[in-house]
Structure formats: C-alpha cells, structure tokens
Amino acid sequence: MSTPDTAEAEVIVLRPDASMASVQGALALDLTPRTAPPRPRLRSTRASDLADLERASREQVDAFVGRYLQAAVEIAAGDRPVAQLLRHTVPEVFDALSGRARAVTAAGGLAPGRVRGPNPARPVVVGVRTALIRSDAVEASAHVRYGRRSRAVAARFEVVRDRWQCVAITWG
C-alpha cells in the first residue's frame with residue numbers, strides 16, 4: 001500500500017479558523033428595523049345578541065370580524081393591497097375601500113399596498129364589539145389606534161353566498 005506524498009499536495013482551506021470563544025454564550029440579536037406594527041391582544045366583547053348561535057360558531061365569527069377590520073384599516077391607510085378582502089366584501093364596499101386607499105396613498109405620495117418605511121405610525125385594531133342581530137348578520141364597532149390617536153370603525157357583516165361578507169363600513 002502506498003502513502004500519498006504530502007510534500008506535493010496542495011491544501012485548500014475551505015473555512016478560515018475562527019475563534020469561537022468570543023461568541024460563546026452570547027445572544028443572537030436581530031437588529032434589522034421592524035416594519036410590522038405591534039400586535040396587541042385584541043379585546044373582543046359582545047353586546048346583547050338578538051339571535052342565538054352556538055358558542056364555537058360565535059367565536060369564529062368574532063375572530064373573523066377582528067381580522068377583517070384589522071385588514072380593512074391597513075388597506076385604508078395604504079399599507080395593504082385591497083385585493084386581499086375581495087372574497088369577503090360586497091362590490092359596493094370594495095369600491096369604496098379601494099377609493100379610500102387610493103386617496104390616502106395619493107395624498108402621501110405613495111403607491112397603494114407599499115410599506116411606508118421603518119416604524120411608521122400604522123393602524124392597529126385594539127378592541128372590537130360585536131352584536132349578533134340575526135343568525136346571519138353581525139354588526140361590529142372597532143377602536144383603532146393610529147400612533148397616539150384613536151378612531152372608530154363600524155361595519156355590518158352578513159352571510160352572502162354561504163360566506164360572511166362586509167356589506168357596510170363606516171369610518172369615524
């Protein structure tokens with residue numbers, strides 16, 4: 001058996017030697033700027049319901065309404081594309097929401113759905129109050145924070161073609 005001649009062999013270093021002692025026990029921190037708004041826990045309360053719905057279904061409706069209103073205020077502020085709510089919005093409300101998003105982004109000199117930059121004051125739905133009017137209709141109001149300012153949003157949701165859809169929305 002022959003042994004290779006190491007005097008003529010070329011050694012290619014794949015990784016330079018690094019001292020690991022300087023990073024042992026240190027935390028890996030992500031120092032990139034955050035562009036997403038903080039997400040406080042959504043407070044959802046129920047007003048006096050006029051119709052009965054089983055508890056699991058009622059909780060699903062409340063969760064849907066909270067997610068929808070959060071998306072709607074982000075669209076109205078120009079932070080999200082309006083097409084994301086197409087499936088759950090009737091055409092009249094969709095057109096009004098599109099117009100509102102275009103007006104807001106044009107006033108700010110931005111394109112709709114583009115993020116404005118790191119750490120802007122972005123809208124966050126803090127609380128939602130819902131009332132089941134019929135087994136297929138819910139009215140909701142939301143408390144929305146824009147930085148240190150507050151606004152209100154009211155909406156009505158109905159079951160249209162076997163799915164919950166927003167049939168009216170008002171900005172306060």
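Refer to the structure printed above.
Predicted model only: the values in this text are computed from it and were never measured.

Draft legend 1. Main features of the overall build of the protein. Each helix and strand in the protein was counted, giving 2 helices and 5 strands. In sequence order, the secondary structure elements of the protein are arranged as β-α-α-β-β-β-β. With 172 residues in all, the protein has 31% of them scored as buried. Put simply, of all contacts in the protein between residues at least 6 apart along the chain, 55% involve residues at least 24 apart. On the protein, roughly 11,800 Å² of surface is accessible, and the fraction owed to carbon and sulfur atoms is 54%.

Draft legend 2. Layout of the nonpolar core. If you look at the biggest cluster of nonpolar residues, it comprises 29 residues, and the most contacted ones within it are Val65, Tyr68, Leu69, Phe157 and Ile169. Among the secondary structure elements, those contributing two or more residues to this core are α1 (55-76), α2 (91-108), β2 (123-134), β3 (137-146), β4 (149-160) and β5 (163-171). Counting residues per element, this core draws most heavily on α1, which supplies 9 residues. Beyond its immediate stretch of four places on either side in the chain, Tyr68 contacts Leu85, His88, Thr89, Val93, Phe157 and Cys166.

Draft legend 3. Structural view of the pairing of β5. Strand direction decides the pairing type here: β4 and β5, joined by 8 bridges, are antiparallel. Of the residues in β5, the one forming a bridge with Arg156 is Ala168. In this antiparallel pair of consecutive strands, β4 and β5, the connection spans 2 residues, and Arg161 shows a positive phi of 50°.

Conventions and cut-offs
- Residues numbered from 1 in each chain as written.
- Predicted model: local features only at pLDDT ≥ 70, side-chain atom pairs only at ≥ 80, totals over all residues.
- Heavy atoms only, no water.
- Helix = DSSP H or I, 4+ residues; strand = E, 2+ residues; numbered from the N terminus.
- Buried < 20%, exposed > 50% of the residue type's maximum accessible area, 1.4 Å probe, protein only.
- Contact = heavy atoms within 4.5 Å.
- Areas by Shrake-Rupley, 256 points an atom, 1.4 Å probe, with all protein chains shown as cover.
- Core = buried A, V, L, I, M, F, W, Y, C linked by side-chain atoms within 4.5 Å.
- Pairing = 2+ DSSP bridges.

Just distances and angles here, no functional claims.
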